[in-house]
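What follows is the residue order along each chain.
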Amino acid sequence: MTTPVLEARDVTMRFGGLTAVRSVDFTVNEGEIVGLIGPNGAGKTTFFNCLTGLYVPTEGTVSYKGTVLPPKPHLVTKAGIARTFQNIRLFANMTVLENVLVGRHTRTKEGLWSALLRGPGFKKAEKASEERAMELLEFIGLAGKRDHLARNLPYGEQRKLEIARALASEPGLLLLDEPTAGMNPQETRATEELVFAIRDKGIAVLLIEHDMRFVFNLSDRVSVLVQGEKLVEGTPEVVQADERVIAAYLGEPFEGDPGEAEAAEVEAAEAAADATSTTSTKGDAQ
Ligand SMILES: Nc1ncnc2c1ncn2[C@@H]1O[C@H](COP(=O)(O)OP(=O)(O)O)[C@@H](O)[C@H]1O
Ligand SMILES: [Mg+2]
């Protein structure tokens, strides 16, 4: 039996005359890693923002474990959904450990300001919180840099720290918006392992991603958003084989006989490449 963690029903988001997300139904089940892909401007981030209460959807509802979520970010976090952002959002002048502690404030009785100012109430909760934060830093491999300022971390580690901060709210569902953007291949592979490890801890994962290999390797299911609408959804195999998805990425509909036109294009490209390589081989010999 599959138990839904997240259920979006008929979610629509309009900005003035522009419909960025249109009537999207979407489910993430317990134990799943789900990928959300689609060309630039398809509405992926807008949809994430609707799920996390940053935007109030024009229509539709979002439920977490059977309860409709109020569209307020801190209430969504409190309910059990954590996220990272497409553009890194860390407290640059705070240490690695402090950034994770900030992520814990929804789970401790003490508020954000108490945590930051280290008031008397905070001190009591501090020890347990710090232990948990260190556990998370060990999990993502940043324990050795607990006292480094976030802004001094290399880019890939900043992305990891964002994930640790999100995990600090003890979520049941983690949303990652382009977690490998700007990463080198090794960092991307490490992130892949990290996402599997997070799922193995019992946290469902929904990720937006441009790196197709990454998303198809990781995901149990993939959803394709095109111009705000869900075009296809299924296993990576099903989605990869769907010609509508390929067409959406190429930016042109398949009309007439796609095979012929494509073959001509590939031949022309190969001929051009051959000509270039012949020239450069000659050049190299000189
Ligand atoms: N706050 C906003 N106000 C107006 N238009 C927006 C806003 N956010 C996104 N859009 C528009 O919605 C569409 C989808 O954008 P976005 O969700 O960022 O796409 P994706 O993440 O798939 O690249 C785009 O046309 C974008 O310009
Ligand atoms: Mg986006």
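Residues numbered from 1 in each chain as written. Chains lettered and ligands numbered in written order. Predicted model: local features only at pLDDT ≥ 70, side-chain atom pairs only at ≥ 80, totals over all residues. Heavy atoms only, no water.

**Describing the overall build of the chain**
Next up, step 1: Counting its regular elements, the chain contains eleven helices and ten strands.
Next up, step 2: If you take every contact in the chain between residues at least 6 apart in sequence, the share linking residues at least 24 apart comes to 65%.
Next up, step 3: Surface accessibility of the chain: about 14700 Å² in total, with carbon and sulfur atoms responsible for 52%. (Helix = DSSP H or I, 4+ residues; strand = E, 2+ residues; numbered from the N terminus. Contact = heavy atoms within 4.5 Å. Areas by Shrake-Rupley, 256 points an atom, 1.4 Å probe, with all protein chains shown as cover.)

**Quick word on helix H6 (residues 155-167)**
Next up, step 1: End to end, H6 covers 19 Å across 13 residues, agreeing with the expected 18 Å (1.5 Å per residue, within 8%).
Next up, step 2: Buried within H6 we find Gly156, Glu157, Gln158, Arg159, Leu161, Glu162, Ile163, Ala164, Arg165, Ala166 and Leu167. (Expected span 1.5 Å × (residues − 1). Buried < 20%, exposed > 50% of the residue type's maximum accessible area, 1.4 Å probe, protein only.)

**Description of the pairing of strand S1 (residues 4-15)**
Next up, step 1: Taken together, the eight bridges between S1 and strand S2 (residues 18-29) define a ladder with antiparallel strand orientation. Looking at the pairing, Arg14 lines up with Thr19 of S2.
Next up, step 2: Linking S1 back to S2 in an antiparallel pair, the connection comprises two residues, with Gly16 at a positive phi of about 55 degrees.
Next up, step 3: Of the pairings in the sheet, the one linking S1 to strand S4 (residues 59-64) comprises five bridges and is antiparallel in character. Opposite Arg9, over in S4, you have Thr61 as the bridge partner. (Pairing = 2+ DSSP bridges.)

**Considering the sheet that holds strand S7 (residues 173-177)**
Working definition: the strands of a sheet are paired by backbone hydrogen bonds and lie parallel or antiparallel to each other.
Next up, step 1: Within the open sheet, the six strands sit side by side as S6-S7-S8-S3-S9-S10. Their pairing is mixed. The open sheet is flanked by strand S6 (81-83) and strand S10 (229-234), the only strands paired with a single partner. Across the sheet, the mean angle separating the axes of adjacent strands is 20 degrees when strand polarity is ignored.
Next up, step 2: The pairing of strand S3 (residues 33-37) with strand S8 (residues 204-208) spans four bridges and is classified as parallel. (Axes fitted to C-alpha atoms, helices over the stretch in contact; angles between N-to-C directions.)

**Points about the nonpolar core**
General note: in soluble globular proteins, nonpolar side chains tend to be found buried as a group.
Next up, step 1: Counting residues in hydrophobic clusters, the biggest one holds 42 residues, and the most contacted among them are Leu137, Leu161, Leu174 and Leu207.
Next up, step 2: Residue-level mapping places this core at the junction of two domains, with at least three residues from each of domain 1 (4-80 + 171-255) and domain 2 (94-161).
Next up, step 3: If we ignore the near neighbours within four places in the chain, the residues touching Leu137 are Val96, Leu97, Val100, Leu142, Ala143, Arg146, Leu161 and Ala164.
Next up, step 4: Val5, Met13, Ala204 and Ile208 belong to the second largest nonpolar core, which has 27 residues in total. (Core = buried A, V, L, I, M, F, W, Y, C linked by side-chain atoms within 4.5 Å. Domains from an automatic or database assignment.)

**Comments concerning the environment of Ala82**
Next up, step 1: Here Ala82 is to be found in strand S6.
Next up, step 2: By relative accessible area, Ala82 is classed as buried at 5%.
Next up, step 3: In sequence terms Ala82 and Leu176 are 94 residues apart; their C-alpha atoms lie 8.7 Å from each other.
Next up, step 4: When residues no more than four places from it in sequence are discounted, the contact partners of Ala82 are Ala166, Ser169, Pro171, Leu173, Leu174 and Leu175.

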